[in-house]
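The residues making up each chain are set out below.
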Amino acid sequence: LREILGLGRRYRVVVIGAGKIGSALVQYRGFEERGFDISAIYDADPAKIGQQWNGLKVQPIDELEQDCLIRKPDIAIIVTPGEVAQPIADRLVAAEVTAILNFAPVQLQVPDHVTVKAVNLVLELEALSFALANR
């Protein structure tokens, strides 16, 4: 079953956005246990660049494309404000990243060969609200 789901290997993951969600994702140990190795985190905020989380130093966003071409991440996680998510996705596509997990509150436009999975916490909470209200 793990092979069918593609879980029989390890995946290199990068996180873009060193805010609260990005920090939580990088510090969560469960990903590594499941085969997802977070190898880098990027941000544009000079106050966050250089901070260390789980042995990873927050890198300047300006290094994203060059690092991706070298590290060849399998998956990128976008946890940025909505207004910068599409430009970040465009940069990831240019750097040959073909799988994106998007926490930003926007729908990303990417080429057909790129897979995007959106995480919308508000919709999930609304679904739970509906379930509670209709028991």
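Because the structure is a prediction, the values reported are computed rather than measured.

Colleague: Mind showing me how you'd approach helix H4 (residues 82-94) here?
Modeller: Count 3.6 residues to each turn of an α-helix, and residues three or four apart come out pointing the same way. Here H4 is 13 residues long and its end C-alpha atoms lie 19 Å apart, about the 18 Å a rise of 1.5 Å per residue gives. Within H4 the residues assigned to the buried category are Gly82, Ala85, Ile88, Ala89, Leu92 and Val93. Buried residues of H4, viewed axially, fall in a sector of 140 degrees; they line one side. Projecting away from the buried face of H4 at angles above 90 degrees are the exposed residues Glu83 and Ala94. Looking at the buried positions of H4, the neighbouring elements they touch are strand S1 (11-16), helix H3 (64-71), strand S5 (75-78) and strand S6 (99-102). Directly after H4, the chain includes Glu96, whose backbone phi takes a positive value near 70 degrees.

Colleague: Help me understand the pattern of salt bridges in this model?
Modeller: Oppositely charged side chains can form a pair if their charged atoms are brought close together. Here the structure, examined in full by the defined rule, presents four salt bridges. Between Asp37 and Arg10 there is a salt bridge whose closest N-O contact spans 2.7 Å. Pair noted here: Asp37 is in strand S2 (residues 36-43) and Arg10 is in the segment before S1, with a separation of 27 residues, a long-range link. Among the residues examined, Arg10 registers a relative accessible area of 42% and is labelled partly exposed. Across the salt bridge formed by Glu65 and Arg91, the nearest N and O atoms sit 2.6 Å from each other. Placement of Glu65 in helix H3 and of Arg91 in helix H4 is noted, with a sequence separation of 26 residues between them. By relative accessible area, Arg91 is classed as partly exposed at 23%.

Colleague: Would you take a moment to explain unusual backbone geometry for this structure?
Modeller: Backbone geometry follows two general trends: most residues other than glycine have a negative phi, and most peptide bonds adopt the trans configuration. Phi at Asn54 takes a positive value of approximately 50 degrees, unusual for a residue other than glycine. Structurally, the position occupied by Asn54 is in the loop between strand S3 (52-53) and strand S4 (56-60).

Colleague: Even after reading the chapter, I still don't get the side chain of Thr80, so can you show me in this structure?
Modeller: Relative to the helices and strands, Thr80 resides in the loop between S5 and H4. When its relative accessible area of 13% is taken as the criterion, Thr80 is described as buried. For Thr80, the contacting residues outside a window of four places in its chain are Ile16, Gly17, Ala85, Ala104 and Pro105.

Calculation rules
- For every chain, the first residue of the written sequence is number 1, and numbering continues from 1 onward in sequence order.
- Since the coordinates come from a predicted model, pLDDT governs what is reported: local features require at least 70, and pairs of side-chain atoms require 80 or more to be given and counted, while whole-chain, interface and lining totals use all residues.
- The basis for every side-chain value is the complete set of heavy atoms in the structure, and neither hydrogens nor water enter the calculation.
- Strands here mean DSSP runs of E at least two residues long; helices mean DSSP runs of H or I at least four residues long; both are numbered from the N terminus.
- Here a helix's expected span is defined as the number of its residues, less one, multiplied by 1.5 Å.
- Working definition: with a 1.4 Å probe on protein chains only, accessible area under 20% of the residue-type maximum means buried, over 50% means exposed, and in between means partly exposed.
- Regarding the arc, it is the one traced by the directions from the helix axis to the C-beta atoms.
- Should any heavy atoms of two residues lie within 4.5 Å, those residues are counted as being in contact.
- Any carboxyl oxygen of Asp or Glu that lies within 4 Å of a side-chain nitrogen of Lys or Arg is treated as forming a salt bridge with it.

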